[in-house]
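The residues making up each chain are set out below.
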Amino acid sequence: MPLDPEQHKRYSVEETKKALAAFQIGNLDTARTIARDAIDRGLETAFLLKIEGLWLQKNGQLQEALRAFHHARTLDHRDPMILQSIASVLFDMEEASSALKIIDRKSTRLNS
């Protein structure tokens, strides 16, 4: 059953806090479970997608991780950690030249 806007907002804050708490103590599996459940319910935030991407990367699902990070970037294009995550996955995929271009783009933005 779809959430009304107020429920969606409350659920968003609650799930983000839970995922963040798990992530901060190093429990990526729990953070991912919380994030995945929220995403499956239609709550796609850049933060939750980053958690998903990190878990996918850690578990060797690099193409899916790249998709999650790119999707997160469409939701928050100003977050430099998303670009860093994309570059990290590209390095893991042995696409160093592409990763370096992203890192260069990131540093250019931070210095301007």
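Residues numbered from 1 in each chain as written. Predicted model: local features only at pLDDT ≥ 70, side-chain atom pairs only at ≥ 80, totals over all residues. Heavy atoms only, no water.

(A) Fine view of the overall build of the protein chain. Of the regular secondary structure elements, the protein chain holds six helices and zero strands. For the protein chain, the succession of helices and strands along the chain, N to C, is α-α-α-α-α-α. The buried share of the protein chain, taken over its 112 residues, is 37%. At a minimum sequence separation of 6, the contacts of the protein chain that also span at least 24 residues come to 43%. (Helix = DSSP H or I, 4+ residues; strand = E, 2+ residues; numbered from the N terminus. Buried < 20%, exposed > 50% of the residue type's maximum accessible area, 1.4 Å probe, protein only. Contact = heavy atoms within 4.5 Å.)

(B) Focus on the packing of helix α4 (residues 62-75) against helix α5 (residues 80-92). The geometry of α4 relative to α5 is characterised by a closest axis approach of 9 Å and an angle of 160° between their N-to-C directions. If you check the angle between α4 and α5, you find them roughly antiparallel. Where α4 crosses over α5, the handedness of that crossing is left-handed. Contacts between α4 and α5 involve Leu62, Ala65, Leu66, Phe69, His70, Ala72 and Arg73 from the first element and Ile82, Leu83, Ser85, Ile86, Val89, Leu90 and Asp92 from the second. Residues that form the contact of α4 with α5 fall into these classes: ten nonpolar, two polar and two charged. (Axes fitted to C-alpha atoms, helices over the stretch in contact; angles between N-to-C directions. Parallel < 35°, antiparallel > 145°, perpendicular 65-115°, else oblique. Left-handed = near helix turned anticlockwise from the far one by under 90°. Nonpolar A, V, L, I, M, F, W, Y, C, P; charged D, E, K, R; others polar.)

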